[in-house]
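Survey of secondary and tertiary structure
Residues per chain are reported as follows:
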Amino acid sequence: MSRIDGALDTALAAQRTEELRRAARALLRRPLLRASDDLFVLVRRYAPELREWFTRNTGWRLTVDSEVARLAKQPANTADGSYPARDVRSRQPLGRRRYVLVCLALAALERAELQITLGQLAEQLVLGAADPALVEAGVAFSLQGREQRSDVVAVVRLLLDLGVLRRVAGDEEAFVAQTGDALYDVERRVLAALLAAPRGPSTVTATEFEQRLAALTYELPATTDDLRNLRIRHRLTRALLDEPVLYYAELTEAELSYLTSQRAAITARITELTGLVAEARAEGIAMVDPLDELTDVRMPDTGTDGHATLLLAEYLASQSEQAVTLTELCEYLRRQASEHRTYWRRTATDPGAEVELTQTALARLAALRLVERRGDRIHPRPALARYRLAAPTITESTP
């Protein structure tokens, strides 16, 4: 083989590795891709390799066809409520009523024609919300008033973002103002691929939420040592890919033993596919993204909320892992808002604004698994120590 041939093979291998990594990162960032998405072509090209890796290491199912690529992710921890669905524009978490409306909208679209107007969808939501079970649960929706019309628009914008709907004509704001309507195509293939649960929710007979969730994600018990090890590898890899920090203290004895012996192999496989870099600390492992792309919540971040979150993290980290009351944190950010009023948004110094600032900052820190909230007390978690400011060192110069 000539040197030219060898160099060409090396270049082609490097290109293939880079393209495979970009495809994997695209799926981790957005598990449902449409043919119109930028990296869909790469995902389809490397579908066999991606499918084999995700099946072997996470147990996640990857389905790819000419219209949709769907990575059916299963969460490592179903009890973690720090990653809610968010309003596409305001980025605020969806409330209970909007969650219900999302489910009702999906059910209505299953029965809809190929096109539907916003007004028609809203009428279906009113009919669905009249279900006696929902009424008994306290869900009230009658499309009366601007607030409820805004709820419908928030749901539609989420479905537009997911690709379930495609706007053909019209404007959602006109619907809110009762001056117009909007027309959408229903993307059947995306709608069919949206549900990622291992079993259909309609097959679950339990009535309590925790029981229904457990039944929805139930896996048959492992019957051999090899299967048990495979399940452990799946859980650990899922957590390392999805969670900001994997704490050793939260693992079972079997999981900790497996991770202790297989940590290098597990993290190396993740790094090879995704480019994430393992940061091992005394309390656990975090897979850090040098490109800062594979995260829903950034730390540090820009703007008033980002700065307030960083200051709150530094303050909590300085408390020697002692719990702090919510009132104390609000008072701390009230003082910081006054000190940084030149740079923060104008409303940050309004009476009571520190409460919203504190709640937003704590939600970010909880999502990053840096704090734990128990009632009115906030408990710093071990990984928060990285934000502790070191005492300044003063060195005397010699004359």
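The rules behind each value
Residues numbered from 1 in each chain as written. Predicted model: local features only at pLDDT ≥ 70, side-chain atom pairs only at ≥ 80, totals over all residues. Heavy atoms only, no water. Helix = DSSP H or I, 4+ residues; strand = E, 2+ residues; numbered from the N terminus. Buried < 20%, exposed > 50% of the residue type's maximum accessible area, 1.4 Å probe, protein only. Contact = heavy atoms within 4.5 Å. Areas by Shrake-Rupley, 256 points an atom, 1.4 Å probe, with all protein chains shown as cover. Lys, Arg positive; Asp, Glu negative; His and termini not counted. Charge placed at Lys NZ, Arg CZ, Asp CG, Glu CD. Axes fitted to C-alpha atoms, helices over the stretch in contact; angles between N-to-C directions. Parallel < 35°, antiparallel > 145°, perpendicular 65-115°, else oblique. Left-handed = near helix turned anticlockwise from the far one by under 90°. Nonpolar A, V, L, I, M, F, W, Y, C, P; charged D, E, K, R; others polar. Salt bridge = Lys/Arg side-chain N within 4 Å of Asp/Glu carboxyl O. Polar contact = N/O pair within 3.5 Å; in protein donor to acceptor, adjacent residues only side chain to side chain.

Each helix and strand counted, the protein chain has 15 helices and 12 strands in total. Taking the principal axes of the C-alpha coordinates as reference, the protein chain spans close to 80 × 70 × 50 Å. Within the protein chain, the proportion of its 399 residues that are buried is 39%. Counting only contacts in the protein chain whose residues sit at least 6 apart along the sequence, the fraction spanning at least 24 positions is 61%. Accessible area for the protein chain stands at about 22600 Å²; split by element, carbon and sulfur atoms hold 52% of it. Averaged over its 53 positive side-chain charges, the protein chain has a centre that lies 1 Å from the centre of its 56 negative ones.

What follows deals with the packing of helix α14 (residues 326-339) against helix α15 (residues 353-367). Closest axis-to-axis distance for the α14/α15 pair is 8 Å, and the angle between their directions is 110°. One way to sum up the angle between α14 and α15 is to call them roughly perpendicular. Relative to α15, α14 is oriented so that their crossing is right-handed. Together, Leu326, Leu329, Cys330, Leu333 and Arg334 of α14 and Glu354, Val355, Leu357, Thr358, Gln359 and Leu362 of α15 make up the contact between the two elements. Of the residues in the contact of α14 with α15, the class split is 7 nonpolar, 2 polar and 2 charged.

Moving on: the pattern of salt bridges. Taken as a whole and assessed by the stated rule, the structure comprises 33 salt bridges. The closest approach of N and O atoms between Asp65 and Arg189, which form a salt bridge, is 2.5 Å. Note that Asp65 is positioned in the loop between β2 (61-64) and β3 (68-72) and Arg189 in helix α9 (residues 188-193), a separation of 124 residues in sequence. Glu172 is the partner of Arg167 in a salt bridge, and the nearest nitrogen-oxygen pair spans 3.0 Å. You can call Arg167 partly exposed: its relative accessible area is 39%.

In this section: the side chain of Thr237. Mapped onto the elements, Thr237 comes out in helix α11 (residues 225-242). Accessibility expressed as a relative area gives 2% for Thr237, which makes it buried. Within the structure, Thr237 has its side chain in polar contact with the backbone oxygen of Arg233 (distance 2.8 Å). Among all residues touching Thr237, those that are not within four sequence positions of it are Trp53, Asn57, Thr58, Ile266 and Ile270.

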